[in-house]
Amino acid sequence: MSIDRRKATLFGAAAAVRLLLFTSFPTLPDLLTGRVEVSTPVTSFKRLQEGLFLYNHNVSPYDGGVYHQAPLLLTLFSLLPSSSNYPFFTHLLYILVDLLSANALMQIADSGEAGSSKLYTSPRKDKRWSSYAVAAAFLFNPFTIGSCLGRPTSVFTTCAILHAISKAVVGASFNSMLALSLASYLSMYPILLFPPLVLLCFDRQPLSKRTDSILKFVSGSVVVVTASLYVLLQMSSLITGSWEFIASTYGVQLLLPDLTPNVGLWWYFFIEMFDSFRNFFLGVFWLHLSSYVGGLTIRLRAQPLFVLTMVFGVFAIFKPYPSISDASLFLSMLPLYRHVFPLMKYTFVESSIVLYATFLGPAFYYLWIYAGSGNANFFYAITLVWSLGWSLLLGDVLFAVLRDEWEVERPEMKGKEIRQI
């Protein structure tokens, strides 16, 4: 069997960088674990360790309201040596997950789905980066490296999502739905990816197993996802001995009882919210988040992979507990659309705003929590700037892709300036 030397070199370099940071700066992982930009109440490695301690001592990990993550993660980490005494094995696990995510991303890039789908082919499809460049952009992204070092459990969700897409682009719809089920089990919100993902699977069906009925295909996919989630939840109930984990994992994300500060928009809003209006605005916020999926899927039916990319960006801004891991997932998909980069208009402004918020966010948090010279408004203001930067980037990429489609429909308008009248 031949070895891809370029791939081996890339993956080896990425693993070496992570191992070097883990070993050269032994206090860095714990420092990043405590950062609100890296860890959230539903992904924190520190909370996972507390839940694991209770689990290993035959106490329900969900007693006390600290642990809000999936029970199967407890089983996985209980098989590893203690991270406090033998952290090397935990480090290797997170490095391996990053490499698996990059491998799935390479498969997505090699499929060419971003430039040429079943229903749409971009005239600029030949302007693309290689799968190695796409993987390198992911592996050496500071947000990705920071997420690996901080060890949030969101990296497992990212890996499952990328594998779901990588299986979809090769027509393996069953495996794609299994991966989506695992991602949804771990974090709940990936279930919103089902509409564009099932359309991608439908478009990429192999000829030998092809069905022309989209209703039949979607029904079969719903059955697979439902059955997979049922099995995962049953296994979880056997592990914990009860069903209380549902309220402590998915209920926390739905009802937002833990208002620990993060880079999102929800926490401060609901701190200031009167209790009598809380349930109403919870429904509004969730409706707002989920409404993007339907609109984007319908408008961009010809490009389901781009819909998934856009939804990742929406998650990075509007989900209840976002982190830099969500931003790294969105950024990992953007290089696939190298062909529309020339159509984007405000890349300098967008990148400047994101960098501004990235560097000033930790400083503002320090001034609020440790120095005492700021308040909650201080930190929330910089999270608004963070969200503004990603919103502008999201809108700019969407404009570029729509402009690309428009020039196919009206070739005579190629290269001409668009003016709003």
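(A) Fine view of the overall build of the chain. If you tally the helices and strands in the chain, you get 18 helices and zero strands. Whereas a compact globule of 421 residues would reach a radius of gyration of roughly 22 Å, the chain reaches 22 Å, a difference of no more than 12%. Across its three principal axes, the chain shows a C-alpha extent of roughly 65 × 55 × 50 Å. Here the chain holds 421 residues, and 53% of them are scored as buried. Counted over contacts in the chain with a minimum sequence separation of 6, partners at least 24 positions apart contribute 74%. Per element, the accessible surface of the chain, about 19200 Å² overall, is 66% carbon and sulfur. Charged side chains of the chain number 29 positive and 24 negative; the gap between the two group centres comes to 8 Å.

(B) Quick peek at the state of the cysteines. The final tally for this structure, using the stated rule, is zero disulfides. With no disulfide of its own, Cys201 lies 17 Å from the sulfur of Cys159, the closest cysteine sulfur.

(C) Region of the structure containing the packing of helix H10 (residues 194-203) against helix H11 (residues 214-240). Orientation of H10 relative to H11, taken along the N-to-C sense of each, is 120°, at an axis distance of 10 Å. By the angle class used here, H10 and H11 are oblique. The hand of the H10/H11 crossing is right-handed. Contact residues: Phe194, Val198, Leu199, Cys201 and Phe202 in H10; Ile214, Phe217, Val218, Ser221, Val222 and Val225 in H11.

(D) Broad picture of the pattern of salt bridges. Inspection of every chain in the model, using the stated rule, returns eleven salt bridges. For the salt bridge of Asp30 with Arg151, the shortest nitrogen-to-oxygen distance reads 3.0 Å. A residue pair is termed long-range when its members are at least 10 positions apart, and Asp30 in helix H2 (residues 28-33) and Arg151 in the loop between helix H7 (142-150) and helix H8 (154-168) qualify at 121 residues. In this structure, Arg47 and Asp258 form a salt bridge, with 3.1 Å as the shortest nitrogen-oxygen distance. Linking Arg47 in helix H3 (residues 45-56) with Asp258 in the loop between helix H12 (245-255) and helix H13 (266-271), this pair joins segments that are 211 residues apart in sequence. Here the two residues Arg47 and Asp258 agree in accessibility, since each one is buried.

(E) Up close: the nonpolar core. Grouped together as the largest cluster of nonpolar side chains are 126 residues, with contacts concentrated most on Phe77, Phe156, Ile165, Leu305, Phe312, Leu336 and Trp390. Dropping the residues within four chain positions of it, Phe156 is found in contact with Leu73, Leu76, Phe77, Leu93, Tyr94, Val97 and Leu186.

(F) Region of interest: unusual backbone geometry. Phi is positive for Arg151, which is not a glycine, with a value near 60°. Taking relative accessible area as the criterion, Arg151 reaches 4% and is therefore assigned buried.

(G) Inspection of the packing of aromatic side chains at higher detail. Enumeration over the complete set of coordinates arrives at 36 aromatic pairs. Taking 5.7 Å as the distance between ring centres and 10° as the angle between the ring planes, the aromatic pair formed by Tyr292 and Phe318 counts as stacked. Remark: Phe318 occurs in helix H15 (residues 304-318) and Tyr292 occurs in helix H14 (residues 275-299); sequence separation between them is 26 residues. Relative accessible area serves as the criterion here: at 29%, Tyr292 is assigned to the partly exposed category. Ring centres of Tyr365 and Tyr370 lie 6.5 Å apart, and the angle between their planes is 75°; on these two criteria the pair is classed as edge-to-face.

(H) Representation of the environment of Phe45. Within the secondary structure layout, Phe45 lies in helix H3. Filtering out sequence-adjacent residues up to four positions away, Phe45 remains in contact with Thr33, Phe77, Ser83, Thr90, Tyr94, Gly150 and Arg151.

Definitions and cut-offs
Residues numbered from 1 in each chain as written. Predicted model: local features only at pLDDT ≥ 70, side-chain atom pairs only at ≥ 80, totals over all residues. Heavy atoms only, no water. Helix = DSSP H or I, 4+ residues; strand = E, 2+ residues; numbered from the N terminus. Rg over C-alpha atoms; globule rule 2.2 N^0.38 Å. Buried < 20%, exposed > 50% of the residue type's maximum accessible area, 1.4 Å probe, protein only. Contact = heavy atoms within 4.5 Å. Areas by Shrake-Rupley, 256 points an atom, 1.4 Å probe, with all protein chains shown as cover. Lys, Arg positive; Asp, Glu negative; His and termini not counted. Charge placed at Lys NZ, Arg CZ, Asp CG, Glu CD. Disulfide = S-S within 2.5 Å. Axes fitted to C-alpha atoms, helices over the stretch in contact; angles between N-to-C directions. Parallel < 35°, antiparallel > 145°, perpendicular 65-115°, else oblique. Left-handed = near helix turned anticlockwise from the far one by under 90°. Salt bridge = Lys/Arg side-chain N within 4 Å of Asp/Glu carboxyl O. Core = buried A, V, L, I, M, F, W, Y, C linked by side-chain atoms within 4.5 Å. Phe/Tyr/Trp six-rings, centres within 6.5 Å; stacked < 30°, edge-to-face > 60°.

Read these as layout, nothing more, since geometry by itself doesn't imply function.
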